[in-house]
Amino acid sequence: MNIKTVIILILLATMVNSLTGCGSSKADKITGPSTSGASSCEGNALDLWSDNSKIGIDGTATITTKIYNTDGSNLGGCTADITVTVTYSVNTYGTLSAASSSATIATTDSLSAYYFPITLTGAARGTVSITATRFDMKKTIYVDVE
């Protein structure tokens, strides 16, 4: 092979790897429309995680949901205040401190993301699945109760 061919193959391999790499900043993100209105006023991503993957019976874990724009724009700054509500569901092995969480983001707010922390209490041995839903966005996580 000549040097030009080798260089072209290296560049091609680098481009393919950058497009399919596991280090994507959008990994584990659920994207989709969050509310009606101008696209600049839409929170268009939802992420959900727990501070513990295992808890004891009557133990607690903090479940956090994050609403944000994938383009990095602020959630506030729209022409009108927006209300963001996240609804949660959980199976029978635990209870949540809230079935839903909501907040109003004012036009004057300069928030790049909004976080909804809630508390899960383990009620019986098993695996709790916690699902957060925001319009057509949905994500489920699991916490073991031992």
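Each remark here, short or long, concerns the structure printed above.
For the structure given in this document, a descriptive report is provided here. (Residues numbered from 1 in each chain as written. Predicted model: local features only at pLDDT ≥ 70, side-chain atom pairs only at ≥ 80, totals over all residues. Heavy atoms only, no water.)

With that settled, consider unusual backbone geometry. For Asp58, which is not a glycine, the phi torsion comes out positive at approximately 70 degrees. Within the element layout of this structure, Asp58 appears in the loop between β3 (54-55) and β4 (60-68). (Helix = DSSP H or I, 4+ residues; strand = E, 2+ residues; numbered from the N terminus.)

Attention shifts here to the nonpolar core. Ile63, Tyr88, Phe116, Leu120 and Ile130 are the most contacted members of the largest nonpolar core, which totals 25 residues. Of all the secondary structure elements, the ones that give two or more residues to this core are β2 (45-50), β4, β5 (82-90), β7 (100-105), β8 (113-122), β9 (126-134) and β10 (137-145). Apart from the residues within four sequence positions on either side, Phe116 is in contact with Ile63, Thr64, Thr65, Ile67, Val84, Val86, Tyr88, Ser101, Ser102 and Ala103. (Core = buried A, V, L, I, M, F, W, Y, C linked by side-chain atoms within 4.5 Å. Buried < 20%, exposed > 50% of the residue type's maximum accessible area, 1.4 Å probe, protein only. Contact = heavy atoms within 4.5 Å.)

Here we come to the pairing of β9. Pairing analysis gives four bridges linking β5 to β9, with the strands arranged antiparallel. Bridge pairing in β9 links Ser89 to Thr131. Bridge count between β9 and β10: nine bridges; the pairing is antiparallel. Looking at the pairing, Thr127 lines up with Asp144 of β10. With antiparallel pairing between neighbouring strands as the criterion, β9 and β10 make up a hairpin whose turn holds two residues, including Phe135 at a positive phi of roughly 55 degrees. (Pairing = 2+ DSSP bridges.)

Such coordinate-based values are descriptive only and should not be taken to indicate function.
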